[in-house]
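So you can see what is in the structure, the chains are spelled out below.
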Amino acid sequence: MIERRLGHYDITAHLGSGGMGDVYQATDTKLGRSVALKFLPEAFAHDAARVVRFEREARALAALNHPHIAAIHGLEESNGRSFLVMELVPGQTLDDRIGHRPLPLDDALAIARQIAEALEAAHEKGIVHRDLKPANVKITPDGRAKVLDFGLAKLATPDEDGAARVADSPTLTMPATGAGVILGTAGYMAPEQARGRPVDQRADIFAFGCVLYEMLTGRPAFEGDNVPDILARVLERDPDWSRVPANVPASVHRVMRLCLEKDPRKRRQWAGDVRIDLEQALTEPAAVAVSAPLRGFSRKRLAWIAGAAVLIAALSIPATSRLREAPPPEMRLQIVTPTTRAPLNFALSPDGRSIVFVAAESPTDTTEHLFVRSLDETTARAIPGTAGARNPFWSPDSKSIGFFASEQLYRIDISGGPAQALAPAPIGMGGAWNVDGTILFAANTVSPLLRVPVAGGDAVPVTTLAVPRQLGHRFPSFLPGGRQFLFYAEGEPDVSGIYLGSMDGSPAKRLTAADSLGALLPPDRLLFLRQGALVARQLDATRGELTGDPITLASDVGSFSISTSGIVAHRPAGGGRQARITWFDRNGQAVVGPPGFVNAPELSPDGRQVAFDRTTRGNRDIWLMDLARDSVTPFTVHPAVDGYPLWSPDGAQIVFESTRNGTFDLWIRSSSGASPEQLLLEAPESEWPLHWSKDGRFLLYQTSDLETKWDLWVLPMIGSDRTPLVVANSPFVERMGQFSPDGRWLAYETNESGRPEIVAQAFPRASGRFAVSTGGGTAPRWRADGNEIFFIAPDGKMMAVPITTTGSAFEAGKPTALFPTNIMGLPFKSQYTVSRDGRFLVNNLQPDEGTVSPITLILNWKP
């Protein structure tokens, strides 16, 4: 039962019920408008994790502002029940409008075009309906179509980490009540959806075909006495095409058939294509029509007629034209690289004669290098001086290579010679080299694009982040002439995708939504990835627009590269190692590893929980894991980036970094989740939390401009004066600091010697620095009794150094290797933690034998 008044909503009528809950008409007394209230099904209305996902996804759905999509105004809660506040759309449903009778052709095509426009707008933002049907389309009194319940079937599904992926099956049984909730309607489900497989926008295309068929015929495309019977028809049979009226144009027939292909790879891929087809059909002469596919002709006879027509046409070609040189045929071939754990790191040279890729010498080699191979040879050679290289890119003359390693941008000539450091780049998310001798690159995951001369120098920003909605710009590629460039922006759905920028710093223009980088295939085709497919569209660089229909070149693509000569290379996304947190003792024996990928794990003071961050559905949040039960729950759910959690000494609070105000700032929340997040420290630069002193007095954090400057600061956490105090800010890098258990010493990493090393200094008043590591090191941690410092050596080994302190004296013993790790390495925070009993919880890359998945080359491709 629902109360008659909920907050400032007066409920006036019950509009209906369904698998997605009960819908009521109400008056919003605050804004003076009529709205629809949709209450979540009782089966998961009290599921905290599910409601959290509803809140997150509802924000994305609320961004759908389109004349043919019913708007979502908000998500609210009353008496423990969550409900959506939605636009109240007047008129009848399309289901009622059809009423088992065909619609007039003009009406059907007009409505279909509006539905296609709605799908196109939603798919551009990465939102899939999953339950499109006539009952979810309203026709307003003025004849406009409005699609209802966009994305709600997706909202009802469990998170993508669910054990069996039952989320995508037609019926989901909720354990709490045993009630079945239909997530999608059987007669409108795509075959892959009916089989319980993951779905994308192509499932909506199939449902659209069903709706169009029903408008034209007055009958569902797939009928049956029960759900299993209907699903069997969806999976095994075509609709009865003989029901389609004879006045339906051939073009409409064609698009309807393409929408209803069983195999999603053969189906119409994008709603924009469907919309274009329908717009053309609306202007097509009525005489160009077909009923069923040439009724009365057998399939065999049709094939004979088609073959005869081809033969007659061939015989009628003049002999002189047959003697002309034919264009070269398209060719696809594969090359195999040495073993690699970085399958996406490769690049074709601009002249199309060579390819560079990242690989290891052998499956057991943990260090990877750059290899270069001429396409007319069968072997590749390693390039000396490129250990740890990633994300390579070529100079315009195909004689040099840019790459990232050791937190620097480098260039190296393939003919030989040492690598030259050009600029700091802590992560290095792609680069491009233009004909004017300028390199454009992304120094970090959370930075704009920077420019630097090929001889090195100061890096200067070229693009501007749309903070806080954009996280970073990355993977640039130049257009001919070197003045314009393409790049990928990561952020919220409507501001992510591929952009066209200019070296003069003028505002970049968004070209399209995409899953990754874009690049130009000469002369005018933009290639990019969507849902694992490599697609091409025509680019008008002068106007900054894409034109024409998208064309698919290949499927199952993880990364690609293009030469200026027109060769396309691509490789699948598989391969590479995965990481998971794993327990180790001092001898390196793995004990128990909680499941799942995490980042920056931190043990709670009582050792019962692990706080970490991870990215799901493109959103990075803090999560908590109960080690006893292996249960994982979200701690933050904000659309901004939340990461690097840190427990207070008593375990009552968690500090974390977040981009909610644009840069990374420090936020704090009770670890129980009872209180909301609060801003703890905001500064012009970015801050990352590192350690909280055992007495609770100081919070240690590091700051950075994301390019060159890394310093250590403390924030007083007790008393009225909360002014931050600097503890290490030399011209060199200081980061990853840790307090000693007694709070009198600070260990951290610095590169003053020319490489990362671990040092220690007194705290709070520094009095000299003492060397801890001797052969390089990063990520220090203290033993619980303060008698050892652990760190990670350059070769990945866990190291231990005995420590003796007496008064102001500090003495470090000889570093000893404990065990090898395959640790996840990031410059912002340690990827392991140490328990009170001396065990190590490591975010460890799992050993594998690498991958030799081939690189496919496409030659002479023509749209």
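Notes on the structure in this doc start here.

Parameters at a glance
- Residues numbered from 1 in each chain as written.
- Predicted model: local features only at pLDDT ≥ 70, side-chain atom pairs only at ≥ 80, totals over all residues.
- Heavy atoms only, no water.
- Helix = DSSP H or I, 4+ residues; strand = E, 2+ residues; numbered from the N terminus.
- Expected span 1.5 Å × (residues − 1).
- Buried < 20%, exposed > 50% of the residue type's maximum accessible area, 1.4 Å probe, protein only.
- Pairing = 2+ DSSP bridges.
- Axes fitted to C-alpha atoms, helices over the stretch in contact; angles between N-to-C directions.
- Salt bridge = Lys/Arg side-chain N within 4 Å of Asp/Glu carboxyl O.
- Phe/Tyr/Trp six-rings, centres within 6.5 Å; stacked < 30°, edge-to-face > 60°.
- Lys NZ or Arg CZ within 6 Å of the ring centre and 35° of its normal.
- 1 Å grid on protein atoms, 1.4 Å probe; cavity = no way out; pocket = protein on both sides within 12 Å on 5 of 7 lines; lining within 4 Å.
- Points joined across faces, edges and corners; volume = space filled by probe spheres on them.
- Nonpolar A, V, L, I, M, F, W, Y, C, P; charged D, E, K, R; others polar.

### A word on helix H7 (residues 201–217)
Because the α-helix completes a turn every 3.6 residues, residues three or four places apart line up on one side. Along its 17 residues, H7 runs 25 Å from first to last C-alpha, staying within 8% of the 24 Å computed at 1.5 Å per residue. Counting buried positions along H7 gives 17 out of 17 residues, so the element sits mostly inside the fold. Looking one or two residues beyond H7, the residue adopting positive phi is Gly218, at roughly 80 degrees.

### Focus on the environment of Ala443
Relative to the helices and strands, Ala443 is located in the loop between strand S22 (438–442) and strand S23 (449–453). Residues Ala443 and Met429, spaced 14 residues apart in sequence, show a C-alpha to C-alpha distance of 6.3 Å.

### Considerations on the sheet that holds strand S44 (residues 686–692)
Strand order in the open sheet formed by four strands is S44-S45-S46-S47, with antiparallel pairing between adjacent strands. This sheet does not close on itself; its edge strands, each paired only once, are S44 and strand S47 (725–728). Looking at each pair of strands side by side, their axes are set apart by 35 degrees on average, direction ignored. Sheet topology note: the strand S45 (residues 698–704)/strand S46 (residues 710–716) ladder contains seven bridges and is antiparallel. Along S46, the bridge assignment pairs Gln702 with Leu712.

### Remarks on the pattern of salt bridges
All chains considered together, the criterion is met by 36 salt bridges. Note that Arg267 is salt-bridged to Glu192, the shortest N-O span being 2.8 Å. Here Arg267, found in the loop between helix H9 (250–259) and helix H10 (271–282), pairs with Glu192, found in helix H6 (residues 191–194); they are 75 residues apart in sequence, far enough to count as distant. Here Arg267 and Glu192 have matching classes, each one buried. Arg474 is paired through a salt bridge with Glu490; the nearest N and O atoms lie 2.6 Å apart. Placement of the pair is Arg474 in strand S25 (residues 470–478) and Glu490 in strand S26 (residues 484–491), with a sequence separation of 16 residues. Glu490 gets classed as partly exposed once you look at its relative accessible area, which sits at 24%. In this structure, a network of salt bridges that share partners links the residues Arg219, Glu223, Asp240 and Arg243.

### Quick look at the packing of aromatic side chains
Overall, the coordinates contain 20 aromatic pairs when judged by the stated rule. A centroid spacing of 5.8 Å and a plane angle of 40 degrees characterise the contact between Phe485 and Phe487, whose relative ring orientation is tilted. Under the relative-accessibility criterion, Phe485 is labelled buried at 1%. Relative to Tyr499, the ring of Phe487 lies with its centre 5.5 Å away and its plane at 15 degrees, an arrangement referred to as stacked. Here Phe487, found in strand S26, pairs with Tyr499, found in strand S27 (residues 497–502); they are twelve residues apart in sequence, far enough to count as distant. Judged by its relative accessible area of 9%, Tyr499 falls in the buried class. Through a chain of ring-to-ring contacts, three or more aromatic side chains come together here, namely Phe478, Phe485, Phe487 and Tyr499. Over the ring of Trp270 we find Arg530, and its NZ or CZ is 4.5 Å from the ring centre.

### Details of the layout of surface pockets
Its boundaries defined by the atoms lining it, the second largest pocket holds a volume of some 800 Å³. Taken together, 29 residues line the second largest pocket, and the ones lying closest to its centre are Leu603, Pro605, His691, Val834 and Arg836. Every element with two or more residues in the lining of the second largest pocket is listed here: strand S36 (599–603), strand S40 (642–647), S44, strand S48 (734–739), strand S52 (778–782) and strand S57 (832–834). By residue class, the composition of the lining of the second largest pocket is twelve nonpolar, nine polar and eight charged.

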